[in-house]
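Listed below, chain by chain, are the residues.
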Amino acid sequence: MIVKQISKNIYLIKFKTRNDLTSTLLRFQEHYESPKFKGKIFTLEEYKKWYIKNSPKGIKTGKFTYYKDWSGFNIPSHILQPFYRGLFNPLTEAEKSILHVFNKIRNKKFYIIGVYGDVDKSILKHEIAHGMYYSNNNYHKEVNAVLKKMDSIAVKQIIKYFKKNAGYHKDVYLDEIHAYTLTEKGLLKKRGVDVHRILNTRKELLQLFKKYSSR
Ligand SMILES: [Zn+2]
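Each value, and the rule that gives it
Residues numbered from 1 in each chain as written. Predicted model: local features only at pLDDT ≥ 70, side-chain atom pairs only at ≥ 80, totals over all residues. Heavy atoms only, no water. Donors = N, O, S within 2.8 Å, 3.2 Å for Na, K, Ca; no water. Tetrahedral: all angles 85-135°; square planar, octahedral: opposite > 155°, others 65-115°. Helix = DSSP H or I, 4+ residues; strand = E, 2+ residues; numbered from the N terminus. Pairing = 2+ DSSP bridges. Axes fitted to C-alpha atoms, helices over the stretch in contact; angles between N-to-C directions. Contact = heavy atoms within 4.5 Å. Buried < 20%, exposed > 50% of the residue type's maximum accessible area, 1.4 Å probe, protein only. Phe/Tyr/Trp six-rings, centres within 6.5 Å; stacked < 30°, edge-to-face > 60°. Parallel < 35°, antiparallel > 145°, perpendicular 65-115°, else oblique. Nonpolar A, V, L, I, M, F, W, Y, C, P; charged D, E, K, R; others polar. Salt bridge = Lys/Arg side-chain N within 4 Å of Asp/Glu carboxyl O.

Engineer: Please explain the coordination of the zinc ion as it appears in this structure.
Structural biologist: Geometry reference: four tetrahedral donors at a metal, ideal angle 109.5 degrees. Six octahedral donors, ideal angles 90 or 180 degrees. The protein atoms donating to the zinc ion are His126 (NE2), His130 (NE2), Glu176 (OE) and Glu176 (OE), with metal-donor distances spanning 2.1 to 2.6 Å. Note that the zinc ion binds 4 donor atoms; their angles at the metal cover 54 to 156 degrees, and the shape is irregular. In the primary structure, the donors to the zinc ion are separated according to the pattern H-x3-H-x45-E. With His130 in helix H7 (residues 121–135) and Glu176 in helix H10 (residues 173–183), this pair connects stretches of sequence that are 46 residues apart.

Engineer: Explain the sheet that holds strand E4 (residues 111–116) here, please?
Structural biologist: Either a parallel or an antiparallel arrangement is found when strands of a sheet pair, and the pairing is made through backbone hydrogen bonds. Spatial ordering of the open sheet is given by E1-E2-E4-E3, a layout of 4 strands whose pairing is mixed. Strands at the two margins of the open sheet, each flanked by one partner only, are strand E1 (2–7) and strand E3 (73–76). Geometrically, the sheet is characterised by an average inter-axis angle of 25 degrees between neighbouring strands, direction not taken into account. Pairing between E3 and E4: 4 bridges, direction antiparallel. Each residue of the ladder has a partner; that of Ile75, found in E4, is Ile112. Along the sheet, helix H6 (residues 93–102) makes contact with E1, strand E2 (10–15) and E4, crossing E2 at roughly 145 degrees.

Engineer: Explain the pairing of E4 here, please?
Structural biologist: Within a regular strand, side chains alternate between the sheet's two faces. Of all 6 residues in E4, 5 are buried; the element is thus mostly enclosed. Summarising the sheet, E2 and E4 pair through 6 bridges and their orientation is parallel. Looking across to E4, one finds that Phe15 is bridged to Tyr116.

Engineer: Please clarify how the packing of aromatic side chains should be interpreted in this entry.
Structural biologist: Centre-to-centre distance and the angle between the planes together describe a pair of aromatic rings. For the structure on display, the rule yields 30 aromatic pairs. Aromatic pair Phe28 and Phe83: ring centres 4.2 Å apart, planes at 40 degrees, arrangement tilted. Taken as a pair, Phe28 in helix H1 (residues 18–33) and Phe83 in helix H5 (residues 81–84) lie far apart in primary sequence, 55 residues in all. Accessibility assignment for this pair places Phe28 and Phe83 in one class, buried. For the ring pair Tyr47 and Tyr51, a centre distance of 5.6 Å and an interplane angle of 25 degrees mean the geometry is stacked. Here the residue Tyr47 and the residue Tyr51 both occupy positions in helix H2 (residues 44–54), the gap between them amounting to 4 residues, near one helical turn. Judged on exposure class, the residue Tyr47 and its partner Tyr51 are both buried.

Engineer: How do you make sense of the packing of H7 against helix H12 (residues 199–213) when you look at a structure like this?
Structural biologist: Helix-helix packing is described using two parameters, namely the angle between the two axes and the distance between the axes. Two numbers describe how H7 lies on H12: the axes approach to 11 Å, and their chain directions differ by 70 degrees. As summarised for this structure, H7 and H12 are arranged roughly perpendicular, according to the angle between their axes. When H7 is examined against H12, the residues Lys125, Ile128, Ala129 and Met132 are found in contact with a partner set consisting of Leu206, Phe209, Tyr212 and Ser213. Each residue belonging to the contact of H7 with H12 can be placed in one class, and the counts come to 6 nonpolar, 1 polar and 1 charged.

Engineer: Any chance you could explain the pattern of salt bridges here in plain terms?
Structural biologist: Where charged atoms from two side chains of opposite charge come close, those side chains can pair. In this structure the tally under the stated criterion is 8 salt bridges. Residues Lys38 and Asp171 are paired through a salt bridge, measuring 4.0 Å at the closest nitrogen-oxygen approach. Taken as a pair, Lys38 in the loop between H1 and H2 and Asp171 in the loop between helix H9 (152–165) and H10 lie far apart in primary sequence, 133 residues in all. Of the residues examined, Lys38 reaches a relative accessible area of 25% and is grouped as partly exposed.

What follows is the structure, encoded as structure tokens:
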């Protein structure tokens, strides 16, 4: 795994394979935004059981498909704290290596993005958008002002999709609506969202992203 600081408070971790990425960051990510496990302490086995019963592919196949379902990870630094404090012990070697990497700055506010292989640009952009939303107050405020005016039918359709894919806690819906509108127009269309309803919002978000990421 390669760690690179890509802006003042955002660190990019690049893994060799999708499996390395998803298996290493699962518990950090889901402690942050799982609809079931957010803020909770849990084992991988507990998570697997739940995910098979609640994710679309798990329901369909009876198998744990998480490692192939997700491809970009985003974790605010405060999420590492219970792991440093031993609450998630026993940790895997991979989880320990993440704590080791950030040990020196563990009390600072920063953001971790995880990707793999030949990084897909839109995935990277999606995760950087989360990083900026967390670490840049002005970007955060301007994005919220744009989302406030967003078409309410489209918002409902996106949330319906989030509920189905078992990936997000309601506390991160706003942040995810922001990132999906920016980078996942095609996927949203496939999942039944009237994308013409998001075009104006998307245009404004793209302008904000450009404005803040070029600094
Ligand atoms: Zn996201």
